[in-house]
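Residue-level listing of the chains:
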Amino acid sequence: MTDLSPNAVRDAVRQAADRVDAATPAHRDRAVDALRALAVLGVVLGHWLVTALVADGGSLRTASPLQYMPWLASVSWLFQTLAVFFLVGGHVATRGYASARARGVPYHRWLRARLARLFKPVAAVLGLWTVVAVALLLSGTEYATVRTLVRLALSPLWFLLVFAALTAATPLLARLHPLWPLAVVLHVDVVRFGLGGPAWLGWTNLAAGWLVPYTLGAAWTRGELEHRRAGRFLLVSGTAATAALVVWAGYPASMVGVPGAAVSNLDPPTLAAVTFGLAQCGLALLLRERLRGVMRRPVAWAAVALVNLSAMTVFLWHQTALMATTATGLLLGRLPGLHTVPDGLGWVAARLAWLPVLVLALAVCRAAFRSWEQDGDGRRRGRSRVVRAHRPTPKGTRHV
C-alpha cells in the first residue's frame, strides 16, 4: 500500500528532485532556465488576471479589470515579462548558433531543429481549435462569441511568428547593437504620435521593439553584459525613461492592452513598452547570480526544469485552459470572477480564488498535449533539453 503521509510525499519529492539535479549537465547555466520559467509564468498569470470573459445573455465578450480599475496598472508591470523571454531567447539562440558552427552543423539544420521545437506544438492548438470553432458554429453559437474565443486561444501565436523570424535572422543579428532597433522604435513613435503619421507605421515596432531585448541577449552571449553595472544602467535608465514617457508624453501606464483604449503599449509595441523591457532586462541581469545560487537547491531546480520542459505547451494552452474553465462554469450559471464584469475588488478576489482551478485545467492540457513538444530530431524534449540521462558526453561538447 502506498504511503501518502506528508513525510513520505516530501521524501519522494526530494528524491525525484535529486535525480533531476544529478541528470543536469554541470556546465548548464541554470539562471537562464530560471529566467525563462519566470517569463513564461509571468505571461500566463498576467493573462489569467487581466482577461475576463463576460457572459451577456448567450454570448461572451472580452473585458479587463484595467478598464474599470486603471489604478491596477501596476499589475501589468509585474506580469508583462515578454522582454525577458526575448532576452533569454536571443542569448540562447546566438550561443546555440555559435556552438553549431563550431561543431560543423550547417545553418539550415540548426534552424530546422529550433523551429521544429517552436512549431510542432502549434499543430495541436490549430487542429483542436479548428474543430471547436466549426462545432460551435454548427451548434448555433453566435459568431461574435466564436470569434472571441478563437482570437484569445490563438493570441499566443503572434509571439511565435516574431520569435521565429528573429531566430531565423540570428546570424545577422548576433553582432547588432541594441541601440539600432531602439532608434527605429523612437523614430516610429515620433512620426506616429508626434507628427500625426499613419497608425499602420506602428507595426514596424513589432519587429524592432522585440529586437531590442533579443539583441541584448546576443550582447550577453558576447560577454558584454557580465558586469553588474550593465544591469544597473539598464534598470535605472529604462525605469526613468518609462516613467517620463507615461507622466509627460501621455503613454498608457498599463504595459498590456486594455480593451477600448485609444493606445496600447503592446499592440503594437510602443517606445514605453521597449524602455520598460530594458528595465526588466536590467533586473534580470542583476538577478543572475542570485538565481544561480537558488538553482543549486535540487527542489527549486526541479521545478524550473519542469516548467522549461513544457514551456511551449504551457504558453500555447494557458488561454485554452481559461476558456475551458469559463465554458464549463457556465453550466452552473454566471459565476463571480469567471463570467461577471471585472469592475471591483470583489472580482479580483474571486479571480484569485479561481487560479487553482485554472492551474488544474492547464495541467490537464499539459498531460494531453505534452507529447507534441519535441526536439527537432523527433525525440521528446524530456530526454535532452534541460536534463539528460547519465551517459558520457564528448569532451568539449556544449549543449544549448
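On a predicted model such as this, the values are computed, not experimentally measured, just so you know.

*Asks:* Mind showing me how you'd approach the overall build of the protein here?
*Replies:* A tally of regular secondary structure across the protein gives 17 helices and 2 strands. Whereas a compact globule of 400 residues would reach a radius of gyration of roughly 21 Å, the protein reaches 22 Å, a difference of no more than 12%. The C-alpha extent of the protein, read off along each of the three principal axes, is 70 × 65 × 40 Å. Counting the 400 residues in the protein, one finds 49% classified as buried. Within the protein, contacts between residues at least 6 apart in sequence are counted, and of these 78% link residues at least 24 apart. Accessible area for the protein stands at about 19,300 Å²; split by element, carbon and sulfur atoms hold 67% of it. Averaging the positions of the 41 positive and the 17 negative side-chain charges in the protein gives two centres separated by 7 Å.

*Asks:* What is the right way to read helix α12 (residues 228-247) from this model?
*Replies:* Given 3.6 residues per turn, any residue in an α-helix points the same way as the ones three and four places further on. A rise of 1.5 Å per residue sets the reference length of α12, with its 20 residues, at 28 Å; its end C-alpha atoms lie 29 Å apart and thus fit the reference within 8%. Where the residues of α12 are buried, they touch α11 (205-221) and α13 (271-286).

*Asks:* Help me out: how do you make sense of the pattern of salt bridges in this one?
*Replies:* Oppositely charged side chains can form a pair if their charged atoms are brought close together. Scanning the model with the defined rule gives 7 salt bridges in all. A salt bridge links glutamate 224 to arginine 222; its shortest N-O distance comes to 2.8 Å. Residue classification places arginine 222 among the partly exposed residues on the basis of a relative accessible area of 22%. Its salt-bridge partner being arginine 288, residue glutamate 226 comes within 3.5 Å of it at the nearest N-O pair.

*Asks:* Just checking my understanding: could you explain the packing of helix α6 (residues 107-138) against helix α16 (residues 311-329) for this structure?
*Replies:* Packed helix pairs are characterised by how far apart their axes lie and by the angle those axes make with each other. The interhelical angle for the contact between α6 and α16, taken along N-to-C directions, is 20 degrees, at an axis separation of 9 Å. Comparing the axis directions of α6 and α16 gives the class roughly parallel. Judged by the sense of rotation from one axis to the other, the crossing of α6 with α16 is right-handed. Note on element contacts: α16 touches α6 through Met312, Leu316, Trp317, Thr320 and Met323, opposite Arg117, Leu118, Pro121, Val122, Ala124, Val125, Leu128 and Trp129. Across the contact of α6 with α16, the residue classes tally to 11 nonpolar, 1 polar and 1 charged.

*Asks:* Would you take a moment to explain a nonpolar patch on the surface for this structure?
*Replies:* A grouping of Leu186, Val190, Val191 and Leu195 is seen on the molecular surface, where their side chains present a nonpolar patch of about 340 Å² in accessible area. Positionally, valine 191 belongs in helix α10 (residues 179-194).

*Asks:* Help me out: how do you make sense of the layout of surface pockets in this one?
*Replies:* Over the atoms, a rolled probe matching the size of one water molecule traces out where space is still vacant. There is about 940 Å³ of room inside the largest pocket. Lining the largest pocket are 35 residues; nearest its centre among them are His47, Arg151, Ser155, Gly257 and Asp267. Counting residues per element, the ones that place at least two in the lining of the largest pocket are α2 (30-50), β2 (59-63), α4 (73-79), α7 (143-154), α8 (157-168) and α16. Residue classes in the lining of the largest pocket are distributed as 20 nonpolar, 12 polar and 3 charged.

*Asks:* How do you make sense of the pairing of strand β1 (residues 52-56) when you look at a structure like this?
*Replies:* The buried fraction of β1 is high, at 4 of 5 residues. Of the strand pairs in this sheet, β1 and β2 are connected by 5 bridges, and their pairing is antiparallel. The residue of β2 that forms the bridge with alanine 52 is alanine 63.

*Asks:* What am I meant to see in helix α15 (residues 298-309) here?
*Replies:* Here α15 spans 16 Å end to end across 12 residues, near enough to the 16 Å set by a 1.5 Å rise per residue. Within α15 the residues assigned to the buried category are Trp301, Ala302, Val304, Ala305, Val307, Asn308 and Leu309. Looking at the buried residues of α15, the elements they touch are α1 (6-22), α2 and α16.

*Asks:* Can you help me understand the packing of aromatic side chains in this one?
*Replies:* Each aromatic ring pair is characterised by the separation of its centres together with the angle its planes make. What the rule picks out here adds up to 15 aromatic pairs. Measuring from ring centre to ring centre gives 6.2 Å for tyrosine 97 and tyrosine 107, while their planes differ by 85 degrees; the resulting arrangement is edge-to-face. Within this pair, whereas tyrosine 97 is found in helix α5 (residues 82-102), its partner tyrosine 107 is found in helix α6, the two being separated by 10 residues in sequence. Seen from their ring centres, tyrosine 107 and tryptophan 110 are 6.2 Å apart, and the 35 degrees between their planes marks the pair as tilted. With tyrosine 107 and tryptophan 110 both in helix α6 and 3 residues apart, the pair spans about one turn of that helix. Take tyrosine 107: its relative accessible area is 32%, and that puts it in the partly exposed class. Under the relative-accessibility criterion, tryptophan 110 is labelled buried at 8%. The ring of tryptophan 220 has arginine 288 lying over it, and the distance from NZ or CZ to the ring centre is 5.1 Å.

*Asks:* What exactly am I supposed to notice about the side chain of threonine 94 here?
*Replies:* Here threonine 94 is to be found in helix α5. For threonine 94, the contacting residues outside a window of four places in its chain are Thr170, Ala174, Gly217, Ala218 and Thr221.

*Asks:* I would appreciate a short explanation of unusual backbone geometry in the present structure.
*Replies:* Peptide bonds are, in most cases, trans, and in most cases residues other than glycine have a negative phi. Following aspartate 267, the chain continues to proline 268 via a peptide bond in cis, the omega torsion being 5 degrees. Mapping proline 268 onto the fold places it in the loop between α12 and α13.

*Asks:* Explanation requested: the packing of α10 against α11 in the structure shown.
*Replies:* The N-to-C vectors of α10 and α11 enclose an angle of 145 degrees; their axes lie 8 Å apart at closest approach. Remark: the crossing between α10 and α11 carries left-handed chirality. Taking contact as the criterion, the partners of Pro181, Leu182, Val184, Val185, Val188 and Asp189 in α10 are, on α11, Asn205, Ala208, Gly209, Leu211, Val212 and Thr215. Residues belonging to the contact of α10 with α11 are distributed by class as follows: 8 nonpolar, 3 polar and 1 charged.

*Asks:* It is not clear to me how empty space enclosed by the protein should be interpreted in this structure. Could you clarify?
*Replies:* The tally for this structure, following the rule as stated, stands at 2 cavities of 30 Å³ or more. In terms of lining, the second largest cavity is formed by Ala83, Gly209, Trp210, Val212, Pro213, Pro269, Ala273, Val274, Gly277 and Leu278. For the lining of the second largest cavity, the secondary-structure elements that each account for two or more residues are α11 and α13. Among the residues making up the lining of the second largest cavity, the classes are represented as 8 nonpolar, 2 polar and no charged.

Reading guide: rules and limits
- Residues numbered from 1 in each chain as written.
- Predicted model: local features only at pLDDT ≥ 70, side-chain atom pairs only at ≥ 80, totals over all residues.
- Heavy atoms only, no water.
- Helix = DSSP H or I, 4+ residues; strand = E, 2+ residues; numbered from the N terminus.
- Rg over C-alpha atoms; globule rule 2.2 N^0.38 Å.
- Buried < 20%, exposed > 50% of the residue type's maximum accessible area, 1.4 Å probe, protein only.
- Contact = heavy atoms within 4.5 Å.
- Areas by Shrake-Rupley, 256 points an atom, 1.4 Å probe, with all protein chains shown as cover.
- Lys, Arg positive; Asp, Glu negative; His and termini not counted.
- Charge placed at Lys NZ, Arg CZ, Asp CG, Glu CD.
- Expected span 1.5 Å × (residues − 1).
- Salt bridge = Lys/Arg side-chain N within 4 Å of Asp/Glu carboxyl O.
- Axes fitted to C-alpha atoms, helices over the stretch in contact; angles between N-to-C directions.
- Parallel < 35°, antiparallel > 145°, perpendicular 65-115°, else oblique.
- Left-handed = near helix turned anticlockwise from the far one by under 90°.
- Nonpolar A, V, L, I, M, F, W, Y, C, P; charged D, E, K, R; others polar.
- Patch = residues over 30% accessible without salt bridge, like charges linked within 9 Å, V, L, I, M, F, W, Y side chains within 5 Å.
- 1 Å grid on protein atoms, 1.4 Å probe; cavity = no way out; pocket = protein on both sides within 12 Å on 5 of 7 lines; lining within 4 Å.
- Points joined across faces, edges and corners; volume = space filled by probe spheres on them.
- Pairing = 2+ DSSP bridges.
- Phe/Tyr/Trp six-rings, centres within 6.5 Å; stacked < 30°, edge-to-face > 60°.
- Lys NZ or Arg CZ within 6 Å of the ring centre and 35° of its normal.

The values are spatial; any link to function lies outside them.
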